[in-house]
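# Architecture and fold: a report
Here is how the chains run, residue by residue.
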Amino acid sequence: MAILHICTYPEEILHQRAEPITEIDEEVVKLVDHMAETMYSAPGIGLAATQVGVAKQVLVADIAPRRPESELIVLINPEIVAAEGEVIFEEGCLSVPDYQAEVKRHERITVRGLNLKGEEVEIEAEGLLAIVLQHEIDHLNGVLFIDRLSKLKRDLYKRRMRKKVAKGQS
Ligand code: NI
């Protein structure tokens, strides 16, 4: 296993749409392994392949790391097939360091995708898991949570980033 480099805003890959996986080969299995290790060590509760520089539709998530109810979720080619309700939650992202903001999401979703064995799985999620899965599926579509904020809030973040870069601390 290995810990992968996590790309951060404004790296271009983060706005790229990921390609569907056509075959779950050894390379995909290795990618998932490395992504899980990278997520746990960050620490984070979700990670999309685009965040580690791979434009493929793979995500990992675990909303209870280091707790007895910890469960690694691996989804390949995930797709939201049903959604309802509305919830506002303060989100952060390993690719958008030192920033949190409230984002509006669906409260409950149904996600369909493949597991690592290539079997079709369907997950009905609510609460934190629903938010994390929507956030990660956004990543696979090249969308960051800051893209879902008002222009005003997004500009504030971008200005702060530019200042940081100008000071040489990135
Ligand atoms: Ni993220």
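Attention here is on the structure that accompanies the text. (Residues numbered from 1 in each chain as written. Predicted model: local features only at pLDDT ≥ 70, side-chain atom pairs only at ≥ 80, totals over all residues. Heavy atoms only, no water.)

### Concerning the state of the cysteines
What we call a disulfide is simply a covalent bond connecting the sulfur atoms of a pair of cysteines. Applying the stated criterion to the full structure yields zero disulfides. Unpaired in terms of disulfides, Cys7 finds its nearest cysteine sulfur in Cys93, a separation of 11 Å. (Disulfide = S-S within 2.5 Å.)

### Some details on the packing of aromatic side chains
In the structure shown here, the tally under the stated rule is three aromatic pairs. Ring geometry for Tyr99 versus Tyr157: centroids 4.6 Å apart, planes at 45°, classification tilted. On the criterion of sequence distance, the pair formed by Tyr99 in strand 5 (residues 96-105) and Tyr157 in helix 3 (residues 151-166) is long-range, its members being 58 residues apart. In this structure, Tyr99 and Tyr157 share a single accessibility class: buried. Linked through ring pairs, Tyr9, Tyr99, Phe145 and Tyr157 together constitute an aromatic cluster. (Phe/Tyr/Trp six-rings, centres within 6.5 Å; stacked < 30°, edge-to-face > 60°. Helix = DSSP H or I, 4+ residues; strand = E, 2+ residues; numbered from the N terminus. Buried < 20%, exposed > 50% of the residue type's maximum accessible area, 1.4 Å probe, protein only.)

### Focus on unusual backbone geometry
Cis geometry marks the peptide bond from Tyr9 to Pro10; its omega dihedral reads 5°. As for its position among the elements, Pro10 is in the segment before helix 1 (26-41). For the bond from Ala42 to Pro43, the omega torsion is -10°, close enough to zero to count as cis. In this structure, Pro43 sits in the loop between helix 1 and strand 1 (46-48). With a phi close to 60°, Asp98 is a non-glycine residue in the positive phi region. Inspection of the secondary structure puts Asp98 in strand 5.

### Notes on the pattern of salt bridges
Opposite charge on two side chains makes pairing possible when the charged atoms of those side chains draw close. Scanning the entire structure with this criterion turns up eleven salt bridges. The shortest N-O distance in the salt bridge between Lys56 and Glu27 comes to 3.9 Å. Taken together, the residues Lys56 in the loop between strand 1 and strand 2 (58-61) and Glu27 in helix 1 connect sequence positions 29 residues apart. Where Asp138 meets Arg148, a salt bridge forms, and the shortest distance between an N and an O atom there is 2.5 Å. With Asp138 in helix 2 (residues 127-140) and Arg148 in the loop between helix 2 and helix 3, the pair connects residues that are ten residues apart, well separated along the chain. Using a relative accessible area of 47% as the deciding quantity, one classes Arg148 as partly exposed. Several salt bridges share partner residues, and in doing so they unite Glu91, Arg105, Asp138 and Arg148 into one network. (Salt bridge = Lys/Arg side-chain N within 4 Å of Asp/Glu carboxyl O.)

Keep in mind these numbers describe shape, not what the thing actually does.
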